[in-house]
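Structural description and commentary
Next come the chains, spelled out residue by residue.
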Amino acid sequence: MPDKTEARKPRILLLSAYDAGSHRRWREQLVASQGKFEWHTLALPPRFFRWRIRGNALTWLNEPLLQQRWDLLLATSMVDLASIKGFHPHLANTPALLYMHENQFAYPESEGQHASVDPQMVNLFSATAATAVLFNSAWNRRSFLDGVDRLYQRLPDGVPEGSLEKLADKSRVLPVPIEDRLFVHRAKPLDGRCPHLLWNHRWEYDKGPERLLLLLDALVDRGQDFRVSVVGEQFRQQPVEFDDILERHGERIVYWGFLADRDEYDKLLATADVVVSTAIHDFQGLSMLEAMASGCVALAPDRLAYPEYVPQIQLYPSVIDNALEEANGAAECLLAMLNQGAEPYSPVRWSLGSLASAYENMLITTLERHRLS
């Protein structure tokens, strides 16, 4: 007797308009972990930020994949979803999920490339056009809705009644998962005498390098010995504080710069004692979560997304307007943790094993609701 024909998998088009490292990683992980769907992808390289966020729909205007019909569109936060649907009328009624890795309302005002309101409007229009909006943290969701509210209050007229409430109602938190392989249990206790500190972020001002420098200085002033690794993606221009860190604390450096070899980076995660954040903004904090999964104790400011997964005793007071005061508070927090023998916290709820089913349910639910509508 012949086999029954296998049911057709739902066809999903995934759009990534600024396919930076974390976006690409999330995209590839999602496709690999969700085998019940037929995936197709459009991705643009992460350069020319202003053109990418405003012009992606035009860049893709003649893209053959956008001439086809799809069961679902899944777009990242840089995608101009409203224009995509407008330029391709046959997609106007296709259900669409918008995944917010970040939002343009919450970047620090001093970051020049985000000074225009235009990127914010792309986020707002895309969220309005989406069937549902997914955020990688509650902080990301909250700061987006607060930003939209502030924008609406500045507009002279024409704000649609109930728009903000509708955005809130269709917004959900669904973090970027951490690879299961990174979760380990360490037998070796925290080195309280000379801890290995790890700062693993992009080498840009919004990650607070001046606060890191002040923290390291404060530890020296207090007589606390330490080793430190400062690693992360580097750029042609970078804050001068990195030169100052190398000059003042060079003899304590274990790793410095970008670790291109993933195996070497994973070994660093598994051997460092304390993972440190001094960030001014961070929408989820993948580098912190990965290090915590690998057995590091966390030291992070009590702001942004960190309170969602960092234990309270590992959060230092946030003093955003006074970097020196904040660094002193961070130093005192670290000394207390070392004296008490702080234990690492494993963020298992952020693991791929825990979140894969939530992603599957979101995709299936969106498809089912559209089918029944």
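Up top is the structure.
Being a predicted model, the structure only gives us computed values, none of them experimental.

What counts as what
- Residues numbered from 1 in each chain as written.
- Predicted model: local features only at pLDDT ≥ 70, side-chain atom pairs only at ≥ 80, totals over all residues.
- Heavy atoms only, no water.
- Buried < 20%, exposed > 50% of the residue type's maximum accessible area, 1.4 Å probe, protein only.
- Helix = DSSP H or I, 4+ residues; strand = E, 2+ residues; numbered from the N terminus.
- Pairing = 2+ DSSP bridges.
- Right-handed = clockwise from strand over helix to strand, strands pointing away.
- Contact = heavy atoms within 4.5 Å.
- Axes fitted to C-alpha atoms, helices over the stretch in contact; angles between N-to-C directions.
- Polar contact = N/O pair within 3.5 Å; in protein donor to acceptor, adjacent residues only side chain to side chain.

What follows concerns the pairing of strand 7 (residues 196-200). In the case of a regular strand, side chains alternate between the two sheet surfaces. Counting buried positions along strand 7 gives 5 out of 5 residues, so the element sits mostly inside the fold. Residue alternation in strand 7 divides its side chains into two sets, H196, L198 and N200 and L197 and W199, and both sets are buried. As paired elements, strand 7 and strand 8 (residues 227-231) share 5 bridges and run parallel to each other. Within the sheet, the bridge partner assigned to N200 lies in strand 8 and is V231. Considered for its hand, the β-α-β crossover made up of strand 7, helix 7 (residues 209-221) and strand 8 is right-handed.

Let's shift gears to unusual backbone geometry. Within the chain, F48 stands out as a residue other than glycine whose phi angle is a positive 55°. By the element assignment, F48 lies in the loop between strand 2 (38-43) and helix 2 (49-59). A relative accessible area of 55% places F48 in the exposed class. Although it is not a glycine, L304 sits at a positive phi angle of roughly 60°.

This paragraph deals with the sheet that holds strand 10 (residues 274-276). Read from one edge of the open sheet, 6 strands run 9-8-7-10-11-12, paired in parallel fashion. What marks the edges here is a single partner per strand, and that holds for strand 9 (253-257) and strand 12 (315-316). Helix 8 (residues 241-249) contacts strand 7, strand 8 and strand 9 of the sheet and is inclined by roughly 160° relative to strand 9. Contacting strand 7, strand 10 and strand 11 (297-301), helix 10 (residues 286-293) runs over the sheet at an angle of about 175° to strand 10.

What follows deals with the environment of S77. Topologically, S77 is positioned in the loop between strand 3 (72-76) and helix 3 (81-87). Among the residues examined, S77 registers a relative accessible area of 1% and is labelled buried. For S77, the contacting residues outside a window of four places in its chain are H23, L98, Y99, M100, H101, E102 and N123. There is a polar contact of 3.5 Å between the side chain of S77 and the backbone nitrogen of H101. At 2.3 Å, the side chain of S77 and the side chain of E102 are in polar contact.

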